[in-house]
Amino acid sequence: MSEQDHFEVAVIGGGPAGMSAAVNVKIRNKDVVIFESQQLGGKILTAPHVDNYLGFYDVNGQELVNSFIDHINKLEIDVIKEKIVQIYSMGEYFSLTTNQEAYKADKIILTTGVNNKAQIKGEADFLGQGVSYCATCDGQLYRDKEVAIIGYSEGSLEEANFMADLAANTYFIPRYDGDLSELDNRVEIIEEKPKVIEGDNLVNKLVLENRSLDVDGVFILRPTVPTDEIISGLELEGSFIRIDSDFKTNLEGVYAAGDCTGKPLQVAKAIGEGQVAALNAVKK
Ligand SMILES: Cc1cc2nc3c(=O)[nH]c(=O)nc-3n(C[C@H](O)[C@H](O)[C@H](O)COP(=O)(O)OP(=O)(O)OC[C@H]3O[C@@H](n4cnc5c(N)ncnc54)[C@H](O)[C@@H]3O)c2cc1C
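Residues numbered from 1 in each chain as written. Predicted model: local features only at pLDDT ≥ 70, side-chain atom pairs only at ≥ 80, totals over all residues. Heavy atoms only, no water.

Any chance you could explain the site of the ligand here in plain terms?
Lining the immediate environment of the ligand, one finds 32 residues, of which Glu36, Lys43, Ile84, Asp259 and Val267 sit closest. Here Gln266 contributes a backbone N or O atom positioned 3.0 Å from an oxygen atom of the ligand. Take Val267: an N or O atom from its main chain is 2.9 Å from an oxygen atom of the ligand. At the level of elements, helix H1 (16-26) and helix H6 (267-281) are the ones that each hand at least two residues to the shell around the ligand. Partitioning the shell around the ligand into residue classes produces twelve nonpolar, 15 polar and five charged. (Near = heavy atom within 4 Å. Polar contact = N/O pair within 3.5 Å; in protein donor to acceptor, adjacent residues only side chain to side chain. Helix = DSSP H or I, 4+ residues; strand = E, 2+ residues; numbered from the N terminus. Nonpolar A, V, L, I, M, F, W, Y, C, P; charged D, E, K, R; others polar.)

Okay, here's the thing in structure tokens:
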């Protein structure tokens, strides 16, 4: 890892909250990076009309995001298009892992939004016992075994192909509309909805709508990972991250802003919180 991979502040999520946090870190002359698993913009990208964001009347989400991205680019803020799957505190700094690389940061600002995708029955019970959110991280544990990959975006094809080299059999269950032609021909595609993950102590079955697969591992590859799974020990309040009035979480050096901290789920609130979290994160 080079010094370039060690940032003063890492922002996890490139929606409005994350972009606002990054701008406010950068203009205080600190070294900042945004990790974004999909594309910069977050949920507002899909809004047909936005009428409540000051200064931008009757725009669509994409137009609003274009202005935000223009600002990010003018400040030359680093953006890494990778999904953060795990963050560990190493005492002096944090170690962040994605599907491809490892990075370091002194402070973390979580701006991951809310995850609307319902969990699969059994997912939480078997997490770490056959259920994983990262094939390239945990794949070695399933060498010569049977695995199913449940993919929610195109990024999951790469992880399915990675498993095709390792596992005895790899099933791919696509949960999005997209081109599957890049999939390794050893991977079996099954177009069915996953219903339940079953097992004893460890996973042994994935039940689909019309059939069951005898598998040792189930990789669930959503663009987002539940925040309390990314960083262990993070306290939640219901499904939102618990923060204090400085937007600090219960973990030293970890801040949170935007939809992930609670309602109202709106752009102006996300941007305001991103700013406050950033100002607190850069304080000595
Ligand atoms: C259809 C629609 C219409 C809307 N209309 C309005 C409106 O008119 N006005 C309004 O104020 N609000 C509106 N909203 C709500 C608004 O979009 C959200 O409140 C706002 O986007 C929240 O910003 P955020 O940055 O907190 O989270 P998000 O926008 O959800 O961004 C989070 C980002 O983090 C990324 N991410 C998550 N986990 C990881 C990870 N592990 N690694 C890397 N990246 C990760 C995600 O890919 C995502 O891009 C609308 C929402 C929708 C869906």
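Before we go on, may I ask you to explain the sheet that holds strand E14 (residues 217-221) in this structure?
Working definition: the strands of a sheet are paired by backbone hydrogen bonds and lie parallel or antiparallel to each other. With parallel pairing, five strands are arranged side by side in an open sheet as E7-E14-E8-E9-E10. On the outer flanks of this sheet lie strand E7 (131-132) and strand E10 (187-189), each paired with one strand and no other. Across two bridges, E7 lies against E14 in parallel orientation. Paired with Val131 across the strands is Val218, a residue of E14. Across the sheet, helix H4 (residues 156-166) lies against strand E8 (146-151), strand E9 (169-174), E10 and E14, angled at about 165° from E9, the strand it touches most. (Pairing = 2+ DSSP bridges. Contact = heavy atoms within 4.5 Å. Axes fitted to C-alpha atoms, helices over the stretch in contact; angles between N-to-C directions.)

For this particular structure, what's the right way to read the packing of H1 against H6?
Two numbers describe a pair of packed helices, the interaxial angle and the distance between the axes. Contact pair H1 / H6: the axes reach a minimum separation of 7 Å and the direction vectors enclose 35°. The way H1 lies across H6 gives a crossing that is right-handed. Across the interface between the two elements, Pro16, Ala17, Ser20, Ala21, Asn24 and Val25 from H1 touch Val267, Ala270, Ile271, Gly274, Gln275 and Ala278 from H6. Classifying every residue of the contact of H1 with H6 gives eight nonpolar, four polar and no charged. (Left-handed = near helix turned anticlockwise from the far one by under 90°.)

Just checking my understanding: could you explain unusual backbone geometry for this structure?
Where the residue is not glycine, phi is negative for most of them; where a peptide bond is considered, it is trans in most cases. Lys263 connects to Pro264 through a cis peptide bond whose omega is -5°. Its place among the elements puts Pro264 in the loop between strand E17 (254-256) and H6. In this structure, Glu76 is a non-glycine residue whose phi angle is positive, near 55°. Considering the arrangement of structural elements, one finds Glu76 in the loop between helix H2 (61-74) and strand E3 (78-80). A residue is classified by how much of its surface remains accessible, and Glu76, at 64% relative accessible area, is exposed. Although it is not a glycine, Phe247 adopts a positive phi angle of roughly 65°. (Buried < 20%, exposed > 50% of the residue type's maximum accessible area, 1.4 Å probe, protein only.)

What's the story with the nonpolar core in this structure? I'm lost.
Formed by 42 residues in total, the largest nonpolar core has its most connected members in Ile87, Leu96, Ile108, Leu110 and Leu206. No other element matches strand E6 (residues 102-110), which puts four residues into this core. Both domain 1 (3-116 + 225-281) and domain 2 (131-221) contribute no fewer than three residues apiece to this core. In contact with Ile108, other than residues within four places in its own chain, are Ala10, Ile12, Ile87, Phe94, Leu96, Gly253, Val254 and Tyr255. (Core = buried A, V, L, I, M, F, W, Y, C linked by side-chain atoms within 4.5 Å. Domains from an automatic or database assignment.)

Just to check I follow, could you spell out the environment of Ala105 for this structure?
Considering the arrangement of structural elements, one finds Ala105 in strand E6. Separated by 96 residues in the primary sequence, Ala105 and Val9 place their C-alpha atoms 5.7 Å from one another. Residues in contact with Ala105, not counting those within four places in the same chain, are His6, Phe7, Glu8, Ala10, Tyr93, Phe94 and Leu96.

Explanation requested: the sheet that holds strand E12 (residues 203-208) in the structure shown.
Strand order in the open sheet formed by three strands is E11-E12-E13, and the pairing between neighbours is antiparallel. Only two strands of the sheet have a single partner each, and these edge strands are strand E11 (194-199) and strand E13 (212-214). Taken over all neighbouring pairs, the strand axes of this sheet differ in orientation by 20° on average, direction set aside.

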